[in-house]
Amino acid sequence: NEMGTTMGEVINFTTLQTTAPIVVTLDAISVSYTTAVLNASLTSNGGLEISEKGFFYGTSADNLSQMAIASGMDTDFFTEISGLNASTTYYVKAFATNANGTSLGELKTFTTLTMARPTVVTLAATDITITSARLNGNITENNASVTARGFQLGVSENDLSASLPVNTTDAT
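Residues numbered from 1 in each chain as written. Predicted model: local features only at pLDDT ≥ 70, side-chain atom pairs only at ≥ 80, totals over all residues. Heavy atoms only, no water.

**Remarks on the nonpolar core**
Next, step 1: Counting residues in each nonpolar core, the largest one holds 18 residues, and the members touching the most others are Tyr57, Phe77 and Ile81.
Next, step 2: Taken together, the elements giving at least two residues each to this core come down to strand S2 (36-44), strand S3 (52-58), strand S5 (76-81) and strand S6 (89-98).
Next, step 3: Contacts of Tyr57, omitting those with residues within four sequence positions, involve Leu38, Leu64, Ser65, Gln66, Met67, Ala68, Ile81, Leu84, Tyr90, Tyr91 and Val92. (Core = buried A, V, L, I, M, F, W, Y, C linked by side-chain atoms within 4.5 Å. Buried < 20%, exposed > 50% of the residue type's maximum accessible area, 1.4 Å probe, protein only. Helix = DSSP H or I, 4+ residues; strand = E, 2+ residues; numbered from the N terminus. Contact = heavy atoms within 4.5 Å.)

**Details of the sheet that holds S2**
Next, step 1: Read from one edge to the other, the open sheet built from 3 strands follows the order S1-S2-S5, with strand pairing classed as antiparallel. Bordering the open sheet on either side are strand S1 (22-29) and S5, each of which pairs with just one other strand. Neighbour-to-neighbour, the strand axes of this sheet turn through a mean angle of 20°, independent of strand direction.
Next, step 2: With 6 bridges connecting them, S1 and S2 associate as antiparallel partners. Across the sheet, the residue bridging to Val23 is Leu42, located in S2. (Pairing = 2+ DSSP bridges. Axes fitted to C-alpha atoms, helices over the stretch in contact; angles between N-to-C directions.)

**Side note on the side chain of Thr112**
Next, step 1: Summarising the element assignment, Thr112 is placed in the loop between strand S8 (108-111) and strand S9 (119-126).
Next, step 2: With relative accessibility at 2%, the residue Thr112 sits in the buried group.
Next, step 3: Separated by 2.6 Å, the side chain of Thr112 and the backbone oxygen of Asn85 make a polar contact.
Next, step 4: A polar atom in the side chain of Thr112 sits 3.1 Å from the backbone nitrogen of Ser87.
Next, step 5: Once residues lying within four places of it in the same chain are set aside, the contact partners of Thr112 are Val31, Ser32, Tyr33, Leu84, Asn85, Ala86, Ser87, Thr88 and Tyr90. (Polar contact = N/O pair within 3.5 Å; in protein donor to acceptor, adjacent residues only side chain to side chain.)

**Quick notes on the environment of Gly58**
Next, step 1: Structurally, the position occupied by Gly58 is in strand S3.
Next, step 2: Along the backbone, Gly58 and Thr89 are 31 residues apart, and their C-alpha atoms lie at a distance of 8.7 Å.

**Points about the layout of surface pockets**
Next, step 1: Computed from the structure, the second largest pocket encloses a volume of approximately 160 Å³.
Next, step 2: Lining the second largest pocket are Thr122, Leu123, Ala125, Leu135, Asn136, Phe151, Gln152 and Leu153.
Next, step 3: Classifying every residue of the lining of the second largest pocket gives 5 nonpolar, 3 polar and no charged. (1 Å grid on protein atoms, 1.4 Å probe; cavity = no way out; pocket = protein on both sides within 12 Å on 5 of 7 lines; lining within 4 Å. Points joined across faces, edges and corners; volume = space filled by probe spheres on them. Nonpolar A, V, L, I, M, F, W, Y, C, P; charged D, E, K, R; others polar.)

**With respect to the pattern of salt bridges**
Next, step 1: For the structure on display, the rule yields 1 salt bridge.
Next, step 2: Notably, a salt bridge pairs Lys108 with Asp27, separated by 3.3 Å at the nearest N-O pair. Of the two residues, Lys108 is situated in strand S8 and Asp27 in strand S1; the sequence distance between them amounts to 81 residues. (Salt bridge = Lys/Arg side-chain N within 4 Å of Asp/Glu carboxyl O.)

Now the structure itself:
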């Protein structure tokens, strides 16, 4: 004002220090034969914006050669991965990156489901005539996807060289 400038006492303060983020790898969910949903929680962004987050995974703890990026800004994040092999153990670590660096979560494992073979029971032929017969069988899928149905036939047990596909609408 007109009387001059008056200053208060000088005080010191320290700004908050930024760090790399802190991320926790959570258990995979919805694990199937060839897919899984990977989960993680971002417990701290280190005081900076997260530029990327996701997962490193692979079939060896020493070689997490695959990467899946998670989208969104939530602290809990996930992504579905596909193209996995059935009956295989996978290793996964979550990651998060900010301007101070990339942090990794702890190593977790999950195992894809085991693909089972269907159970097939051949039943006796019925409706046998001079030129035809009705072939019968039962298939229990056992959580396996049956992609073709049919019979192999021949003139002896040692010669089942002919294959006969079955119309799946009539097959049981």
